[in-house]
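Residue-level listing of the chains:
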Amino acid sequence: MKRPRPTAGLRHVALHARHFDATLAFYRDVMGMAIEWQPDADNCYLTSGTDNLALHRAEGSPDATGQRLDHIGFLVDRMDDVDDWHAFLSGHGVPILHAPKTHRDGARSCYCTDPEGTTVQIIYHPPLSRE
């Protein structure tokens, strides 16, 4: 069977959030995403302009058999942007997992966590960044 045409890329992520209000505030106020649609108090859809992040209120503990997510990444256009984001996030008391690092492929990234414990990557990736 022939492979279909390539996808247009990963542009949507959905997260269950036990700490819904704090998680929404992180992506809106710290990461700068805009609310695209909030149909009710338990669901919110945010965007950076070319993507969509859905937050859904979760009650109780996560199910041990549920999906696990390694990380989500926010692309930046310049290598120096990674360091600027690292300083900004640190200044807002966001837990930093890994300080900025340049990788063998020329990419540069740092990692933090959101209020749910989801790992968030800030990445400059030359083939995708607009600089």
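Residues numbered from 1 in each chain as written. Predicted model: local features only at pLDDT ≥ 70, side-chain atom pairs only at ≥ 80, totals over all residues. Heavy atoms only, no water.

Undergrad: Just to check I follow, could you spell out the nonpolar core for this structure?
TA: Within soluble globular proteins, side chains that are nonpolar generally end up buried alongside one another. Ranked by size, the top nonpolar core spans 25 residues in total, and within it Phe26, Tyr27, Leu53, Leu55 and Phe74 carry the most contacts. Elements represented by at least two residues in this core include exactly β1 (12–17), α1 (20–30), β3 (43–47), β4 (52–57), β5 (72–76), α2 (79–91), β7 (108–113) and β8 (119–124). In terms of residues, this core owes the most to one element, α1, which gives five residues. With near-sequence residues (within four places) excluded, Leu53 lies in contact with Val13, Leu15, Tyr27, Met33, Cys44, Tyr45 and Leu46. (Core = buried A, V, L, I, M, F, W, Y, C linked by side-chain atoms within 4.5 Å. Buried < 20%, exposed > 50% of the residue type's maximum accessible area, 1.4 Å probe, protein only. Helix = DSSP H or I, 4+ residues; strand = E, 2+ residues; numbered from the N terminus. Contact = heavy atoms within 4.5 Å.)

Undergrad: So what exactly am I meant to see when it comes to the sheet that holds strand β2 (residues 34–40) here?
TA: Strand pairs in the sheet, formed through backbone hydrogen bonds, run parallel or antiparallel to each other. Read from one edge to the other, the open sheet built from four strands follows the order β1-β4-β3-β2, with strand pairing classed as mixed. Strand pairing shows two members of the sheet lacking a second neighbour, β1 and β2, which therefore form its edges. The average angle at which neighbouring strand axes cross in this sheet is 20°, direction not considered. Summarising the sheet, β3 and β4 pair through four bridges and their orientation is antiparallel. Paired with Cys44 across the two strands is Leu55, which belongs to β4. In the packing of α1 onto the sheet, the strands contacted are β1, β2, β3 and β4, and the crossing angle to β4 comes to about 165°. (Pairing = 2+ DSSP bridges. Axes fitted to C-alpha atoms, helices over the stretch in contact; angles between N-to-C directions.)

Undergrad: For this particular structure, what's the right way to read the pairing of β4?
TA: As a general feature of sheets, a regular strand has side chains that alternate between the two faces. In terms of residue burial, β4 counts as a mostly covered element, since five of its six residues are buried. Connecting β3 to the antiparallel partner β4 that follows it, the hairpin turn spans four residues, and Gly49 within it adopts a positive phi of roughly 115°.

Undergrad: Teacher, can you tell me more about the sheet that holds β7 here?
TA: What the four strands build is an open sheet, ordered β5-β8-β7-β6; its pairing is mixed. Of all strands in the sheet, those with a lone pairing partner are β5 and β6 (96–102), marking the two edges. Within this sheet the neighbouring strands show an average axis-to-axis angle of 15°, counted without direction. Note that β6 and β7 share four bridges and pair antiparallel. Across the sheet, residue Thr102 finds its bridge partner in β7, namely Arg108. Sheet strands in contact with α2 are β5, β6, β7 and β8, and its direction is about 160° off that of β6.

Undergrad: Just to check I follow, could you spell out the packing of aromatic side chains for this structure?
TA: Between two aromatic rings, the relevant description is the distance of the centres plus the angle of the planes. This structure, assessed with the given rule, holds four aromatic pairs. Taken together, Phe26, Tyr27 and Phe74 form an aromatic cluster joined through their ring pairs. (Phe/Tyr/Trp six-rings, centres within 6.5 Å; stacked < 30°, edge-to-face > 60°.)

Undergrad: Looking at this structure, how should I read the confidence of the model for the chain?
TA: Scored by pLDDT, the chain comes out at a mean of 89, with 92% of its residues at no less than 70. Mean pLDDT in the chain bottoms out at β1, which sits at 90, and peaks at β6, which reaches 97. (pLDDT = per-residue confidence, 0-100.)

Undergrad: Can you walk me through the state of the cysteines in this structure?
TA: In protein chemistry, a disulfide is the covalent bond that joins the sulfur atoms of two cysteines. Tallied over the full model, the rule gives zero disulfides. Here Cys44 stays free of any disulfide, with the sulfur of Cys112 as its closest cysteine sulfur at 18 Å. (Disulfide = S-S within 2.5 Å.)

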